[in-house]
Each structure stands twice: as structure tokens, then as C-alpha cells.
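Architecture and fold: a report
Residue strings, one per chain:
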Amino acid sequence: MTVHWVVQSHPSRRELRERLLAGLPASTQVVETDFDPPNPWNGYKLCLKAAVESGCTHSVLIQDDAVVPRNLPPAVLKVIAVEPDVPVCLYLGMLPPQKGLALRAAKEGKRFVELHQSSFLPVVAVLWPTCKAAEFLSWAGATNVLRRRNGQVIEERSDDAMGGRWVRQTRQRVVATIPSLVEHPDDAPSTIARRPGGRTALFWHGTEWDAESAEWSS
């Protein structure tokens, strides 16, 4: 079991991402892109490519404006031991419909919540089995992914939305951890001009929490 760490980044966040990199392995790969207009989806595809080419069994793809608790890498190994074959969202925000599902799972004492098919996949931080990253990347390159309107191809820009479409169209099983192992402080504007607000984690114990201390079970 080997894990490759990839940070999806933008040049405007070089200073910001240093707080994230401080909590990740020294071997973490930074994939920096600057599309015009900004396009997180194109950047995410490059991160998936890096994951597939890493030669590791799994990869963690994480956004540059996230923060992590102590001992995240060993905690991720524990998560893989329980859910080795499906994408695992290490971050889960407060937006519906995931919020309701997660709250119910938490009340039942569960450490994972299955994210049923919805309009988006929270890709702030996702643990990818390499085979699933390869499936997603292959799907992303298919012509049937393109949307057309009045004869024109619509350029996709949202990585969350495209992740959700992949989950729905290919009937993927995806789970999220309870608590979240990654936080999105929402203190920087989105690269596609969305104002900060409403994107923090539903369950988060803080940067000083020892993530390795959690007991994981399905």
C-alpha cells in the first residue's frame, strides 16, 4: 500500500499553500495551473493524471487552500485499510444533500457516510484508489462528456460538478469520513470567482487534533 500526495494549486496561492504543505509528506507533488479563463476541472484532470502515473496504489488529491490536522498521512493509511477500493472524500461540506446523510450517519456512530448520487462530488480532498482515478480520467476524455447548446460545446469548469456527473453516470460508490480529515477554511476566493462562504467542513476537529487517534470502521 503506497500513497501519492498531489496538491492542486494556482499561482495566486503559492504563499497560501505553504500552510498545507507543512502538514503533508515532503514528497508531495504540486500541480500548478493557470488557465484563462480559470478552469479547476482542467486542473483536476492533470492531478488525476499525476495520480495514475505515480505507480502508487492510492493518491490523495487536495486543494491548495485546505488545511489538515496532525498526523494525516498515517490516518489515511488506516482509512485505506477499511475502504481500499472506493474514492473517499476526506472533506465534507455543509451543503445538502450530503449534510443530511452525514448527520444521520454521525448520530448512528458511523465513521463513514456513503454519498448517494447528487449534483456534485466534494473534491477539496479525495483519497483515490489508482484504478478509480484511472476510470475517472478515462471517462473525462470521452466525447459523451461534452455538453452542447445551440450547436456549441460548453466548456466545463467545475471539478465538483464533473465529479458528481461521473458518480451518477457510472454508478460509483463513494464514501466520506466522519469526521473530515481536511478542512476548507473558506478564507480565499474560488478561482472561478465564487465568493467565500458556506464551504467549511461539516465535521472538523481542528488543526491540533491528532488524526491518527481516530478508530476507523465501516
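Structural notes, computed from the coordinates. As the structure is a computational prediction, the values presented were derived from the model and not from experiment.

So, on to the pattern of salt bridges. Scanning all chains against the criterion turns up 10 salt bridges. We note a salt bridge from lysine 132 to glutamate 135, for which the minimum N-O separation is 3.3 Å. Highlighted residues: lysine 132 and glutamate 135, both in helix α5 (residues 130–140), separated by three residues, approximately one helical turn. According to the relative accessible area criterion, lysine 132 is buried, its value standing at 16%. One connected set of salt bridges, linked through shared partners, spans Arg13, Asp64 and Asp65.

With that settled, the discussion passes to the sheet that holds strand β6 (residues 125–129). Strand order in the open sheet formed by seven strands is β2-β1-β3-β6-β4-β9-β5, and the pairing between neighbours is mixed. One side of each edge strand has no neighbouring strand; the edge strands of this open sheet are β2 (29–32) and β5 (112–114). Bridge count between strand β4 (residues 88–89) and strand β9 (residues 175–177): two bridges; the pairing is parallel. What sits directly across from valine 88, in β9, is valine 175. Sheet contacts for α5: β3 (58–63) and β6; angle to β6, the most-contacted strand, approximately 105°.

Moving on, we come to the nonpolar core. Among the nonpolar cores identified, the biggest contains 33 residues, and Tyr44, Leu61, Val113, Trp128, Phe136 and Trp139 are the most heavily contacted of them. Of all elements in the fold, only α2 (40–53), α4 (98–107), β6, α5 and α6 (159–170) reach the threshold of two or more residues within this core. If you look at the next biggest cluster of nonpolar residues, it comprises 29 residues, including Val124, Val175, Val182 and Ala211.

As for its placement among the helices and strands, tryptophan 166 is situated in helix α6. For tryptophan 166 and valine 145, which are 21 residues apart along the polypeptide, the C-alpha to C-alpha distance reads 9.0 Å.

Further remarks concern the layout of surface pockets. Space left empty within the atom packing is revealed by a probe, the size of a water molecule, rolled over the atoms. In this structure, the second largest pocket spans a volume of roughly 190 Å³. Around the second largest pocket sit 13 residues that line it, and Ala105, Lys110, Phe112, Val113 and Glu114 are the ones nearest its centre. For the lining of the second largest pocket, the per-class residue count stands at five nonpolar, two polar and six charged.

Axis separation between α2 and α5 bottoms out at 9 Å; the angle between their running directions is 140°. In terms of orientation, α2 and α5 fall into the oblique class. Seen from above, α2 lies across α5 with left-handed handedness. Two secondary-structure elements touch here, α2 through Trp41, Tyr44, Lys45, Leu48, Lys49, Ala51 and Val52 and α5 through Thr130, Ala133, Ala134, Phe136, Leu137, Trp139 and Ala140.

Conventions used here
Residues numbered from 1 in each chain as written. Predicted model: local features only at pLDDT ≥ 70, side-chain atom pairs only at ≥ 80, totals over all residues. Heavy atoms only, no water. Salt bridge = Lys/Arg side-chain N within 4 Å of Asp/Glu carboxyl O. Helix = DSSP H or I, 4+ residues; strand = E, 2+ residues; numbered from the N terminus. Buried < 20%, exposed > 50% of the residue type's maximum accessible area, 1.4 Å probe, protein only. Pairing = 2+ DSSP bridges. Contact = heavy atoms within 4.5 Å. Axes fitted to C-alpha atoms, helices over the stretch in contact; angles between N-to-C directions. Core = buried A, V, L, I, M, F, W, Y, C linked by side-chain atoms within 4.5 Å. 1 Å grid on protein atoms, 1.4 Å probe; cavity = no way out; pocket = protein on both sides within 12 Å on 5 of 7 lines; lining within 4 Å. Points joined across faces, edges and corners; volume = space filled by probe spheres on them. Nonpolar A, V, L, I, M, F, W, Y, C, P; charged D, E, K, R; others polar. Parallel < 35°, antiparallel > 145°, perpendicular 65-115°, else oblique. Left-handed = near helix turned anticlockwise from the far one by under 90°.

From the geometry alone we can't say anything about function, so treat these as descriptive.
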